[in-house]
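The lines below spell out each chain.
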Amino acid sequence: MKNENNQPPEDGKSDRREMLQKLGRFAAYAAPFTILAMTKKADAATGHGPGRRG
Amino acid sequence: MWEFPVDQGLVLVRPDFDGFYLLNSTAQLVWREWREGISVAEIAAGLAADFGIAVEVARRDVEATVVSWQAGLLAPSPPSVLPPPPAVEVEKADARPFDCVVHGNAMRVFLESGEVWDEIAPRLDPLRAEVTLPARTFHVRTGAGRVLVFRDGACIGDEENAAGARAILLQAMASRGEPAAILHAGGCGGVLLAGHTHSGKSTLCAALMGRGVPYYCDDSAVLDRDFQLTPMPFPLMLRSGSWPLIEGRFPEFGKSPVYRRWGSDIRFLTPRCAPAAATVTALVFVRYLKGAGTQLAELTVFDSLLALQRSGFWVEHSPETIARFLAWLAEIPRYTLQYEDLPAAEGIILDLTAHAPRP
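Residues numbered from 1 in each chain as written. Chains lettered and ligands numbered in written order. Predicted model: local features only at pLDDT ≥ 70, side-chain atom pairs only at ≥ 80, totals over all residues.

### What about the packing of helix H4 (residues 115-124) of chain B against helix H5 (residues 162-174) of chain B?
Residues and elements named next belong to chain B. Between H4 and H5, whose axes approach to 9 Å, the crossing angle comes to 40°. Judged by the inter-axis angle, H4 sits oblique to H5. Crossing hand, H4 versus H5: right-handed. Residues Glu115, Val116, Glu119, Ile120 and Arg123 of H4 lie in contact with H5, whose contacting residues are Ala162, Ala163, Ala165, Arg166, Leu169 and Leu170. Tallied by class, the residues present in the contact of H4 with H5 amount to seven nonpolar, no polar and four charged. (Axes fitted to C-alpha atoms, helices over the stretch in contact; angles between N-to-C directions. Helix = DSSP H or I, 4+ residues; strand = E, 2+ residues; numbered from the N terminus. Parallel < 35°, antiparallel > 145°, perpendicular 65-115°, else oblique. Left-handed = near helix turned anticlockwise from the far one by under 90°. Contact = placed C-beta atoms within 7 Å. Nonpolar A, V, L, I, M, F, W, Y, C, P; charged D, E, K, R; others polar.)

Spelled out as structure tokens, the structure:
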């Protein structure tokens, strides 16, 4: 579960606090993922050959 | 690396590769800390504490994420680099000229006989005209196993098949200047209907056109430098499954010739295309699904990018244009529309059109 106390980190890392606030919409942990979306003119009309995980 | 934060994640772009890396919020957190030099173990410990998950699970996820970045995003070479187009002559002996007028501009298109002609000529047929002095000349031909598109002698497309070449050709014929972005989407009344092949967007476009909604495009939404939607006056392609839904609204459609494409019977419907570019008022990812009801749901920018990844899109590869594209995406309303009932889906899109903010 998410940190229910919602306390700022003691080490004062404001970036991390900001990021955690952004993540606050999740009720549970969401595994990190990165997806590669290829950008190609022909695919933007035919839909063939979309991106992949990477 | 170019970085663009969006509402629920981060977009990273390699300057040397035409693609977006889409990181969800957790990956974004890992990215920030890892780039600051924080160790995998420390990042994992932080995630475990913040979310109350096992350290081993967090560590496994962080390690897998970093490994995937090292293999693609941060690899010394980009994931794939296309070879230069094969060096072939622009003209081919068995090419036939096709003269037409698009947006008032006279054009001559030389199409190689066979598959290239069969793929492209029906799309140009309603625009056929007598031309004495074309403002633009295009050639579409095969060469070295590819299908190449030339504009005034310069190669602008090097595609795997005739459908890809057709896409490049029609985009170039309709565009005024170089576009900023192109989405695999139809466009009606300023609403973009995006989706992968067989998602039902052409059927919905045709139905809306039958109700008098201005038509802009069927499968290729070309956005100009101001992200205005370019009218594409080429026929819509409709598979046999949607003919009964369309025939009653367009009596002439039932008499149009039947073609065979990718194992399906298809017909073309000539549109009454809008005369000028339009402001986009909404982006809707469409999906026809029998037995699933009809419902509209809002999408975040990040989820919209994931949907574009599945449907197909292109953005000019410069940090300025990518930033402007993401800002445009954040400004317009974004939805998914799952539908099984065409009139209900039409009503939803008409409602979006009616409630769209006017410029």
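Text resumes after the structure shown.
### So, the environment of Ile322 of chain B
Residues and elements named next belong to chain B. Note that Ile322 resides in helix H9 (residues 319-331). The exposure class assigned to Ile322 is buried, which follows from the 20 C-beta atoms found within 10 Å. The spatial distance from the C-alpha of Ile322 to the C-alpha of Val13 is 9.2 Å, given a sequence separation of 309 residues. Every residue in contact with Ile322, bar those within four places of it in the chain, is listed here: Trp2, Phe4, Val13 and Val315. (Buried ≥ 20, exposed ≤ 12 C-beta atoms within 10 Å, placed from the backbone.)

### Topic: the domain arrangement of chain B
All names here are of chain B. By the assigned domains, chain B splits into domain 1 (2-71), domain 2 (95-174) and domain 3 (181-355). Relative placement of domain 2 and domain 3: their C-alpha centres are 23 Å apart. Residue-level contacts link nine residues of domain 2 with 12 residues of domain 3. Per-class residue counts for the side of domain 2 that touches domain 3 are seven nonpolar, one polar and one charged. (Domains from an automatic or database assignment.)

### Some points on the sheet that holds strand S11 (residues 191-194) of chain B
Whether parallel or antiparallel, the strands of a sheet pair through hydrogen bonds between backbone atoms. All names here are of chain B. Across the sheet, which stays open at both edges, the six strands sit in the order S12-S10-S11-S19-S22-S20 with mixed pairing between neighbours. Each of the sheet's edge strands pairs with one partner strand only, and the pair in question is strand S12 (215-217) and strand S20 (295-298). With strand direction ignored, the average angle separating the axes of adjacent strands in the sheet is 25°. Sheet topology note: the strand S10 (residues 185-188)/S12 ladder contains two bridges and is antiparallel. Within S12, the residue paired with Gly187 across the bridge is Cys217. Against the sheet, helix H6 (residues 201-210) contacts S10, S11, S12 and strand S19 (282-288), and its axis sits at roughly 10° relative to S10. (Pairing = 2+ DSSP bridges.)

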